[in-house]
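# Coordinate analysis (summary)
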Amino acid sequence: ENLYSKMISEHGGRSNAYTSTENTNYYFDVLPEKLEKILELFAGFFTEPLFAPSSTEREMKAVHSENAQNLLNDAWRQYQLLKSTSNPAHPFSKFGTGNLETLRDKPKERGVETR
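Per chain, the residues get numbers from 1 upward, laid out in the order the sequence is written. The predicted nature of this model means local features are confined to residues of pLDDT at least 70 and side-chain atom pairs, given and counted, to a pLDDT of 80 or more, with totals for whole chains, interfaces and linings taken over all residues. Side-chain metrics in this entry use all non-hydrogen atoms of the structure; hydrogen atoms and water are not considered.

So, on to the environment of Tyr26. Strands are runs of DSSP state E lasting at least two residues, helices are runs of H or I lasting at least four, and both sets are numbered from the N terminus onward. By the element assignment, Tyr26 lies in strand β2 (residues 24–29). On the accessibility criterion, Tyr26 (46% relative accessible area) is partly exposed. Linking Tyr26 and Ser15, residues eleven residues apart in sequence, is a C-alpha distance of 7.6 Å. Residue contacts are counted whenever heavy atoms from the two residues lie within 4.5 Å of one another. Excluding anything up to four places from it in sequence, Tyr26 contacts Asn16, Ala17, Phe42 and Phe46. Exposure categories follow from relative accessible area, calculated using a 1.4 Å probe and restricted to protein chains: below 20% of the type maximum is buried, above 50% is exposed, and the middle band is partly exposed.

Pasting the structure below:
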């Protein structure tokens with residue numbers, strides 16, 4: 001994980017991700033001559049994920065932070081209202097993000113290891 005970030009920054013690039021309604025989108029850019037090596041590292045996140053405890057906790061905190069910011073966003077709140085009034089049997093009605101309570105605390109109470 002650190003090697004990927006280091007290689008990206010050392011070779012004129014950046015990376016990020018976002019989750020839309022149906023998928024999560026990961027992206028990066030880097031100098032063309034380093035693309036193949038960075039792409040190998042990037043693919044490793046999916047073919048050989050580490051799921052290190054520190055990384056998992058950091059990602060849960062990032063999701064929690066994004067959710068907290070969304071609570072103040074009128075467009076997001078309106079979207080949640082639409083979802084809450086849709087057919088409860090349809091997946092669209094489900095809550096679309098998470099927080100530390102839903103991602104860490106409640107699963108832990110049920111004996112579920114989220115890592």
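Pairs of strands are assigned from DSSP output, requiring at least two bridges between the strands. Where strand β1 (residues 14–19) lies against β2, six bridges are found, and the strand directions are antiparallel. Directly across from Asn16, in β2, lies its bridge partner Tyr27. Linking two consecutive strands that pair antiparallel, namely β1 and β2, is a turn of four residues.

Time to look at the packing of aromatic side chains. Any aromatic ring pair is given by two values, namely how distant the centres are and how the planes are angled relative to each other. Geometry of aromatic contacts follows a simple scheme: Phe, Tyr and Trp rings, the Trp one being its six-membered ring, pair when their centres are within 6.5 Å, and the pair is stacked under 30 degrees between planes, edge-to-face over 60, tilted otherwise. Scanning all chains against the criterion turns up eight aromatic pairs. On the basis of an interplanar angle of 70 degrees and a centroid distance of 5.4 Å, the ring pair of Phe42 and Phe46 is categorised as edge-to-face. Here Phe42 and its partner Phe46 are both found in helix α2 (residues 35–47), four residues apart, which amounts to about one turn of the helix. Using a relative accessible area of 15% as the deciding quantity, one classes Phe42 as buried. According to the relative accessible area criterion, Phe46 is partly exposed, its value standing at 46%. Look at Tyr79 and Phe92: their rings are 5.8 Å apart centre to centre, the planes differ by 80 degrees, and that puts the pair in the edge-to-face class. Of this pair, Tyr79 sits in helix α4 (residues 74–84) while Phe92 sits in the loop between α4 and α5 (100–109), placing them 13 residues apart in sequence. Take Tyr79: its relative accessible area is 30%, and that puts it in the partly exposed class.

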